[in-house]
Amino acid sequence: MAAHDDCVIRPATLADLDGVHALEKACFDIDAQSRRSLRYLASRAQADFLVALDGACIVADAVVLYRRNSGVARLYSIAVGASARGRGVASTLLRECETGAQRRGCRVMRAEARLSNLASRGLFQRAGYRENASLPSYYAGRDGRREDGVRLEKPLT
Ligand SMILES: CC(C)(COP(=O)(O)OP(=O)(O)OC[C@H]1O[C@@H](n2cnc3c(N)ncnc32)[C@H](O)[C@@H]1OP(=O)(O)O)[C@@H](O)C(=O)NCCC(=O)NCCS
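Analysis parameters
Residues numbered from 1 in each chain as written. Predicted model: local features only at pLDDT ≥ 70, side-chain atom pairs only at ≥ 80, totals over all residues. Heavy atoms only, no water. Core = buried A, V, L, I, M, F, W, Y, C linked by side-chain atoms within 4.5 Å. Buried < 20%, exposed > 50% of the residue type's maximum accessible area, 1.4 Å probe, protein only. Helix = DSSP H or I, 4+ residues; strand = E, 2+ residues; numbered from the N terminus. Near = heavy atom within 4 Å. Polar contact = N/O pair within 3.5 Å; in protein donor to acceptor, adjacent residues only side chain to side chain. Areas by Shrake-Rupley, 256 points an atom, 1.4 Å probe, with all protein chains shown as cover. Nonpolar A, V, L, I, M, F, W, Y, C, P; charged D, E, K, R; others polar. Salt bridge = Lys/Arg side-chain N within 4 Å of Asp/Glu carboxyl O. Contact = heavy atoms within 4.5 Å.

What follows concerns the nonpolar core. If you look at the biggest cluster of nonpolar residues, it comprises 30 residues, and the most contacted ones within it are L75, I78, M109 and F124. The leading source of residues in this core is helix α3 (residues 89-103), at 6 residues. Membership of the second largest hydrophobic core comes to 15 residues, among which are L17, C27, F49 and V63.

Structure follows, in structure tokens:
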């Protein structure tokens with residue numbers, strides 16, 4: 001368990017699913033994860049699933065996926081509720097994710113972001129990630145259109 005200001009960061013449990021689902025719906029208009037997918041991530045996936053709590057309230061979450069025999073961890077999702085943004089919660093969560101990936105023997109953390117998501121790209125850049133590939137039409141967009149993305153990577157040393 002880690003602390004950030006008055007937030008506590010800990011692994012998610014199945015009891016957190018309602019709170020995480022509400023957070024996902026509030027943070028993402030297109031990319032929100034279904035309750036079913038969240039349940040899988042919290043129970044059976046090869047993943048680290050972290051939540052940040054302010055008191056009893058889940059204010060942020062992050063998921064890192066792992067593949068067998070791979071030294072590359074993938075930051076699958078990170079989200080901070082609007083009321084908790086701008087105070088470093090995402091940065092702290094990201095560091096916790098990196099520490100977890102290192103503990104599992106991973107050498108690299110990889111992530112993707114929409115080209116238009118300046119907050120997300122800023123978060124990763126600030127944390128030392130390099131944008132090393134463009135991902136044309138990688139994301140679903142509005143009205144059936146596709147949106148470009150970028151791949152980000154950081155060596156875990
Ligand atoms: C992206 C997100 C997780 C950032 O959370 P946060 O807790 O506000 O981020 P932090 O306070 O830790 O900020 C860390 C750095 O990110 C960058 N950043 C954060 N918000 C930003 C914004 N709105 N615009 C530009 N840069 C921003 C800054 O570089 C910041 O460092 P600084 O405060 O020293 O300048 C949050 O805005 C969010 O959940 N957005 C919706 C969901 C989402 O897009 N998730 C990412 C999908 S890849």
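After that view, the rundown keeps rolling.
As a further point, take the site of the ligand. Not every one of the 20 residues close to the ligand is listed here, only the nearest: I78, V80, G86, N117 and R126. One nitrogen or oxygen atom from the main chain of R87 is found 3.4 Å from an oxygen atom belonging to the ligand. Relative to its free-state accessible area of 910 Å², the ligand is covered by the protein chains to the extent of 70%. Counting residues per element, the ones that place at least two in the shell around the ligand are β5 (72-80), α3 and α4 (118-126). A total of 6 residues in the shell around the ligand trace back to one element, the largest contributor, which is α4. A class-by-class count of the residues in the shell around the ligand yields 10 nonpolar, 6 polar and 4 charged.

To continue, consider the pattern of salt bridges. This structure, assessed with the given rule, holds 11 salt bridges. Taking the shortest distance from any N to any O, the salt bridge between R10 and D16 comes out at 2.8 Å. A salt bridge links D18 to R35, with the shortest nitrogen-to-oxygen separation between them at 2.4 Å. Separated by 17 residues along the polypeptide, D18 in helix α1 (residues 17-27) and R35 in helix α2 (residues 35-43) bring together distant segments of the chain. Under the relative-accessibility criterion, D18 is labelled exposed at 53%. What makes R35 partly exposed here is its relative accessible area of 32%. Among the ionic contacts, a cluster of salt bridges with common partners joins D31, R114 and E147.

Moving on, we get to the environment of R104. Summarising the element assignment, R104 is placed in the loop between α3 and β6 (108-114). A sequence separation of 31 residues divides R104 from A73, and the C-alpha atoms of the two residues are 9.2 Å apart. Those residues within four positions of R104 in sequence are excluded, and the remaining contacts are A47, D48 and Y66. In this structure the side chain of R104 is engaged in a polar contact, spanning 3.4 Å, whose partner is the backbone oxygen of A47.

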